[in-house]
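# Descriptive analysis of the structure
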Amino acid sequence: MRMVRICKWLFPSLLFFSVMGDLAPTRPPSTESWIISPDGRSASVSGRIPQPLWKKLNPVWWLLNDDEPDPPHWQLPGKPYLLRQLSWYVRNPFHNFGKYVLGVCDRNYTVVGSSPVYATTWSDIDANMTGWKVSTINVSGFRLPFIAYEDEHVIWYAGWQWSGFFGFKFNIKHSQTQFW
Amino acid sequence: MRLTIGVVAVLFLWLAYTAWPFVVVYRLASAVQARDVATVSQKIDFDALRASLTTQIVATYLRLTGKTGQPGSILEQFATGVAASVADPLVAKLISPGALLELLQNGTAPGVFSNNVPPVQGLSSEALGGIWRAYVNSEFGIARFFILVPVDKPASDSFRLQFCLTGWTWKLCGVELPQQLQVRLAQEIIKAEQR
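Scoring rules and cut-offs
- Residues numbered from 1 in each chain as written.
- Chains lettered and ligands numbered in written order.
- Predicted model: local features only at pLDDT ≥ 70, side-chain atom pairs only at ≥ 80, totals over all residues.
- Helix = DSSP H or I, 4+ residues; strand = E, 2+ residues; numbered from the N terminus.
- Buried ≥ 20, exposed ≤ 12 C-beta atoms within 10 Å, placed from the backbone.
- Contact = placed C-beta atoms within 7 Å.
- Pairing = 2+ DSSP bridges.
- Axes fitted to C-alpha atoms, helices over the stretch in contact; angles between N-to-C directions.
- Parallel < 35°, antiparallel > 145°, perpendicular 65-115°, else oblique.
- Left-handed = near helix turned anticlockwise from the far one by under 90°.
- Nonpolar A, V, L, I, M, F, W, Y, C, P; charged D, E, K, R; others polar.
- Domains from an automatic or database assignment.
- Expected span 1.5 Å × (residues − 1).
- Core = buried A, V, L, I, M, F, W, Y, C linked by C-beta atoms within 7 Å.

Quick look at the overall build of chain A now. Helix and strand counts for chain A stand at five helices and seven strands. Each helix (α) and strand (β) of chain A, taken in turn from the N terminus, gives the series α-β-β-α-α-α-α-β-β-β-β-β. Evaluated residue by residue, chain A yields a buried proportion of 20% over its 180 residues. In chain A, the proportion of contacts linking residues at least 24 apart, taken out of those at least 6 apart, comes to 51%.

Here it is, written out as structure tokens:
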């Protein structure tokens, strides 16, 4: 009985937020550009256009992927489009939430940290590099931290990446079992 | 009673949602046939269409010239970036409403092809066939709709039109060109490079 009551509210709410999400006018494409300091310790981004607040308050929108709404060709090729689309959203859940709600990928800012600041982890640059990597985004008077660590066994990070994406990860290298 | 009303309402909404993009497709086909540039322009998302055409032409150009690296490699990304800039003048010519109208109708476009190329059957009311044929050749996604035209040709010889639902309007946001047309357009880039 309780389940029925929840469903009675859940489905109309989902429908409502889906419809509201589609009412959104198309956002003009942003043309962001980065300026990186010669020593690679800081980078500034400009030209980003903020997402409207009422989109950020829509929980259905949190689950979607505004940057790549259509599945790439390698996502379940040959299968019905709806299945490919759903599996794409499941593969990257909370994309908009991580980028634009908790994240600051629609804001202009300066990020300062370990050189080169435009790499999330050391293995993005060189598979043999290990150790700590930190950075801080300075945006509208707030300081948003990021910390990453990598050695021969694990790789993990948490916080706001240099791109503005908020996320966390914990992987055991060369293991089938992964936590996040 | 309430359950019945609920089921009927859901069925009605589903039918309306299913029929909606077909109305847009038939209107677009009529506008293309009537060469009604204003109506065609209203039904196209030009930024998205430009991206769709660029992706296909660049991929075919790289395949024909063999300038591809390992999938996902930096070399491949670099080659794609260079090819996109090379393809840009050609795509810019295709993206005007008049040129798109020609492209959708018969696979040609003024000022794009250096030689006379045989026309390809594209979008028209006849090419869509009846409602059932059109439905069989269509596919739905969340806020996405795809249809193959002409309906009586194999997929490789058809235009696959993609419509996106934005702001309560279905708009043409992608066109997957017939393979022979992709090759012709890529060959035009190669010719332009050799000049």
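Within chain B one finds eight helices and four strands. Starting at the N terminus and walking to the C terminus, you meet the elements of chain B as α-α-α-α-α-α-α-β-β-β-β-α. Its C-alpha atoms give chain B principal-axis dimensions of about 70 × 40 × 30 Å. Counting every position in chain B, which comprises 195 residues, the buried fraction comes to 33%. Put simply, 51% of the contacts in chain B that link residues at least 6 apart link residues at least 24 apart.

Let us look at the sheet that holds strand β4 (residues 169-176) of chain B. Residues and elements named next belong to chain B. Pairing in this open sheet of four strands is antiparallel, and the strands run β1-β2-β3-β4 from one edge to the other. The open sheet has two edge strands with one neighbour each: β1 (138-141) and β4. For this sheet the average axis-to-axis angle between neighbouring strands, irrespective of direction, equals 20°. In the sheet, strand β3 (residues 159-166) pairs with β4 via seven bridges, with the strands oriented antiparallel. Bridge pairing in β4 links L165 to W170. Sheet strands touched by helix α1 (residues 2-33): β2 (144-149), β3 and β4. Its angle to β4, the strand with the most contacts, is close to 65°. Contacting β3 and β4, helix α3 (residues 46-65) crosses the sheet at an angle of about 15° to β4.

Moving on to the sheet that holds strand β2 (residues 42-46) of chain A. Residue and element names in this part refer to chain A. An order of β1-β2-β3-β4-β5-β6-β7 is seen for the seven strands of this open sheet, with the pairing classed as antiparallel. Among the strands making up the open sheet, the edge pair consists of β1 (33-36) and β7 (166-172). Neighbour-to-neighbour, the strand axes of the sheet open up by a mean angle of 15°, direction not taken into account. Of the strand pairs in this sheet, strand β4 (residues 131-139) and strand β5 (residues 142-150) are connected by nine bridges, and their pairing is antiparallel. Paired with W132 across the strands is Y149, a residue of β5.

A word on the packing of α3(B) against helix α8 (residues 179-194) of chain B. Residue and element names in this part refer to chain B. Taken N-terminus to C-terminus, the directions of α3 and α8 make an angle of 70°; their axes are 8 Å apart at the nearest point. In terms of axis orientation, α3 runs roughly perpendicular to α8. As α3 runs across α8, the sense of the crossing is right-handed. Between α3, through Q56, I57, T60, Y61, L64 and T65, and α8, the contact on the second element is made entirely by Q182, V183, L185, A186, I189 and I190. A breakdown of the residues in the contact of α3 with α8 according to their chemical character gives eight nonpolar, four polar and no charged.

Quick look at unusual backbone geometry now. The omega angle of the peptide bond from S115(A) to P116(A) is -5°, so this bond is cis rather than trans. Take P116(A): it is sitting in the loop between β3 (110-113) and β4. V149(B) connects to P150(B) through a cis peptide bond whose omega is -10°. Examined against the element boundaries, P150(B) turns out to sit in the loop between β2 and β3. Of note in the backbone geometry, L76(A) takes a positive phi value of approximately 45° without being a glycine.

This part is about the domain arrangement of chain A. Residues and elements named next belong to chain A. Split into domains, chain A comes out as domain 1 (1-30 + 50-103) and domain 2 (34-48 + 107-180). Listed by partner, the interface residues are six residues for domain 1 and eight residues for domain 2. Tallied by class, the residues present in the side of domain 1 that touches domain 2 amount to two nonpolar, three polar and one charged.

Moving on, we get to α8(B). For α8(B), spanning 16 residues, the distance from its first C-alpha to its last is 23 Å, which sits close to the expected 22 Å at 1.5 Å a residue. Buried within α8(B) we find L181(B), R184(B), L185(B), A186(B), E188(B) and I189(B).

Quick look at the environment of G111(B) now. All names here are of chain B. Relative to the helices and strands, G111 is located in the loop between α5 (97-106) and α6 (125-128). Judged by local crowding, G111 falls into the exposed class, with 10 C-beta atoms found within 10 Å. In this structure, the C-alpha to C-alpha distance between G111 and P89, residues 22 residues apart in sequence, is 11 Å.

Our focus in this paragraph is the environment of T166(B). All names here are of chain B. Mapped onto the elements, T166 comes out in strand β3. For T166, a count of 17 C-beta atoms within 10 Å translates into the label partly exposed. Taking the C-alpha atoms as reference, T166 lies 12 Å from F145; in sequence the two are 21 residues apart.

Counting residues in hydrophobic clusters, the biggest one holds 44 residues, and the most contacted among them are V32(B), I57(B), A87(B) and V149(B). With six residues, the single largest contributor to this core is α3(B). Those residues in contact with I57(B) that sit more than four places away from it in its chain are A87(B), L90(B), V91(B), Q182(B), L185(B) and A186(B). If you look at the next biggest cluster of nonpolar residues, it comprises 14 residues, including A43(A), V104(A), I137(A) and F146(A).

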